[in-house]
Amino acid sequence: MAFRDLIRERFFPHIWCPGCGHGTVLNSLLHVVDKMGLDPTSMCMVSGIGCSARISGYVNFHTMHTMHGRALPCATGIKLAKPQLNMIVPMGDGDAMAIGGNHFIHACRRNIDMTAIVLNNRIYGMTGGQYSPLSGRGVLATTAPYRSIDDDFDAVALAQGAGATFVARTTAFHVKELSKILTKAIQHKGFSVVEVMVQCPTYFGRKNKMGGAVQLLEYYRDNTAPLGSKKLEENQNLIPRGIFVERERPEYCEEYQNVIALAEGKE
Amino acid sequence: MEAVEINVLWCKGCGVCVAFCPKKALSLVGEKAQVDPELCIGCGMCELYCPDLAIVVNKPTKKNEKVTEEGLS
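These figures come from a predicted structure and were not determined experimentally.

A. Expanded view of the interface of chain A and chain B. The interface of chain A with chain B comprises 31 residues on the first partner and 23 residues on the second. Here chain A meets chain B over a buried area of about 2300 Å², counting both sides, of which 64% is carbon and sulfur. Of all residues in chain A, the largest losses of buried area upon contact with chain B belong to R4, F173 and K176 of chain A, amounting jointly to 24% of the total for that side. Connecting chain A to chain B are zero salt bridges. Where chain A meets chain B, there are 15 residue pairs in polar contact (both at pLDDT 80 or more). Looking at which element gives the most residues to the side of chain A that touches chain B, the answer is helix α1 (residues 21–36) of chain A, with six residues. Class assignment for the residues of the side of chain A that touches chain B results in 17 nonpolar, eight polar and six charged.

Structural data, given as structure tokens:
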């Protein structure tokens, strides 16, 4: 099976702008599922609203396109009913950290076995370039014409603090690293958070005069460094990439099964 | 089967593959990606980078050529 067999070809070419990083993440995810030999019928993808959420329409898995920020609660429901499914929840930065912020931290806390991918393009693309909680101070956006005065969330630190058992960050430039991290995140038993810094040439790049897709990818290449690298040690301003947390904790579906067994008097 | 298949109906001409091909084997012709088979080593980076899922690389890279995001090493 090739990665092309995992998509709904009738919906291509996709809706995303030329050079959009979401396409690269979809591409990488399909390569990972193909390489891992996962059965498409064992895969489930639940998404919310936004550019990133359109991913669920393109993959030939079980999919559900739900409400803004509410992908994780819907995914939690499905996972509890069918724990055998490999659950993938792609979310945008606004979807995950603003509208769905509360759901995000509680999903981390519960440690339910699914992979949450935060596609961080630092802007609300679909609605016209408003700043998001991950835009950061000094960013230009439709709603911040004199630059944003809001500090951004560190999605990795937030997930770590909320108790996620697998937390990683990479970028759409580092495609091989992205594939490796996604593979590990899917294999991990528990709640996995992967923040992927992606480019939005249409709104973020244009508004901030940072150029097109190529220039934004070069920015991610030049301004990030792997955890534990000399490059990162020498320059604290670089954004760290890699796997921040990988640990084990009781998984929610299994714990829930124990409760059912207890209630039925089997234990 | 061609070494590199490019689906021109899906290619949106963003130029990401052109910029990050380690051998500079790709170019944009009429806003569509095109490969020079003479230069291509079949590393598959463009297939992974393409945001439009428009590229499939069928040619395997030679074992002695290790390709990363930063280019050839």
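B. Layout of the packing of α1 of chain A against helix α7 (residues 175–187) of chain A. Residue and element names in this part refer to chain A. Where α1 meets α7, the axes come as close as 9 Å, and the angle between the chain directions of the two elements is 55 degrees. It follows that α1 is oblique to α7 by the angle criterion. For the pair α1 and α7, the sense of crossing is right-handed. In this structure, α1 uses T24, V25, S28, L29, V32 and M36 to contact α7, whose residues at the interface are V175, L178, S179, L182, T183, I186 and Q187. For the contact of α1 with α7, the per-class residue count stands at eight nonpolar, five polar and no charged.

C. Structural detail: the environment of E248 of chain A. Within the secondary structure, E248 of chain A sits in the loop between β8 (239–246) and α11 (252–263). Spatially, the C-alpha atom of E248 of chain A lies 8.9 Å from that of H188 of chain A, the residues being 60 residues apart in sequence.

D. Seen up close, the packing of aromatic side chains. Within this structure, the stated rule accounts for seven aromatic pairs over all chains. Between W16 of chain A and Y58 of chain A, the aromatic rings sit 5.2 Å apart at their centres with planes inclined by 65 degrees, giving edge-to-face as the arrangement. Taken together, the positions of W16 of chain A in the segment before α1 and Y58 of chain A in helix α2 (residues 55–58) put the pair 42 residues apart, joining distant regions of the chain. Taken individually, W16 of chain A and Y58 of chain A each receive the classification buried, so the pair is uniform in this respect. Seen from their ring centres, F173 of chain A and Y49 of chain B are 6.0 Å apart, and the 45 degrees between their planes marks the pair as tilted. Of the two residues, F173 of chain A sits in the loop between β5 (166–171) and α7 while Y49 of chain B sits in helix α2 (residues 45–49), which places them in two different chains. Relative accessible area serves as the criterion here: at 0%, F173 of chain A is assigned to the buried category. Linked through ring pairs, F12, W16 and Y58 of chain A together with W10 of chain B together constitute an aromatic cluster. Just above the ring of Y203 of chain A sits the side chain of R206 of chain A; from NZ or CZ to the centre is 5.6 Å.

E. Just the layout of surface pockets, in detail. Here the largest pocket is characterised by a volume of approximately 480 Å³. Forming the walls of the largest pocket are 16 residues, and the residues nearest its centre are H31, K35, K176 and S179 of chain A together with L48 of chain B. Those elements that provide at least two residues to the lining of the largest pocket are α1 and α7 of chain A together with α2 of chain B. Here the lining of the largest pocket gets five residues from one element, more than from any other, and that element is α7 of chain A. A breakdown of the residues in the lining of the largest pocket according to their chemical character gives six nonpolar, five polar and five charged.

F. Local environment of the sheet that holds strand β4 (residues 114–120) of chain A. Residue and element names in this part refer to chain A. Spatial ordering of the open sheet is given by β2-β1-β3-β4-β6-β5-β8-β7, a layout of eight strands whose pairing is mixed. If you trace the sheet from one side to the other, it starts and ends with β2 (62–65) and β7 (224–226), each paired once. Ignoring strand direction, the axes of neighbouring strands in this sheet form an average angle of 20 degrees. As paired strands, β5 and strand β6 (residues 191–197) are joined by six bridges and run parallel to one another. Opposite A168, over in β6, you have V194 as the bridge partner. On top of the sheet, α1 reaches β1 (43–47), β3 (86–92), β4 and β6; it is set at about 155 degrees to β4, its chief contact. Along the sheet, helix α5 (residues 101–110) contacts β3, β4 and β6; its crossing angle with β6, the most-contacted strand, is approximately 135 degrees.

G. A look at unusual backbone geometry. Put simply, F12 of chain A and P13 of chain A share a cis peptide bond, and its omega is 0 degrees. Along the chain, the position of P13 of chain A falls in the segment before α1. Within the chain, K209 of chain A stands out as a residue other than glycine whose phi angle is a positive 50 degrees. Mapped onto the secondary structure, K209 of chain A falls in the loop between α8 (201–207) and α9 (213–222). On the basis of relative accessibility, which here comes to 72%, the residue K209 of chain A falls in the exposed class. In the Ramachandran plot, L53 of chain B falls in the positive-phi region, its phi being about 55 degrees despite a non-glycine side chain. Relative accessible area serves as the criterion here: at 0%, L53 of chain B is assigned to the buried category.

Quick notes on the rules
- Residues numbered from 1 in each chain as written.
- Chains lettered and ligands numbered in written order.
- Predicted model: local features only at pLDDT ≥ 70, side-chain atom pairs only at ≥ 80, totals over all residues.
- Heavy atoms only, no water.
- Contact = heavy atoms within 4.5 Å.
- Buried area = accessible area lost by both parts, 1.4 Å probe.
- Salt bridge = Lys/Arg side-chain N within 4 Å of Asp/Glu carboxyl O.
- Polar contact = N/O pair within 3.5 Å; in protein donor to acceptor, adjacent residues only side chain to side chain.
- Helix = DSSP H or I, 4+ residues; strand = E, 2+ residues; numbered from the N terminus.
- Nonpolar A, V, L, I, M, F, W, Y, C, P; charged D, E, K, R; others polar.
- Axes fitted to C-alpha atoms, helices over the stretch in contact; angles between N-to-C directions.
- Parallel < 35°, antiparallel > 145°, perpendicular 65-115°, else oblique.
- Left-handed = near helix turned anticlockwise from the far one by under 90°.
- Phe/Tyr/Trp six-rings, centres within 6.5 Å; stacked < 30°, edge-to-face > 60°.
- Buried < 20%, exposed > 50% of the residue type's maximum accessible area, 1.4 Å probe, protein only.
- Lys NZ or Arg CZ within 6 Å of the ring centre and 35° of its normal.
- 1 Å grid on protein atoms, 1.4 Å probe; cavity = no way out; pocket = protein on both sides within 12 Å on 5 of 7 lines; lining within 4 Å.
- Points joined across faces, edges and corners; volume = space filled by probe spheres on them.
- Pairing = 2+ DSSP bridges.

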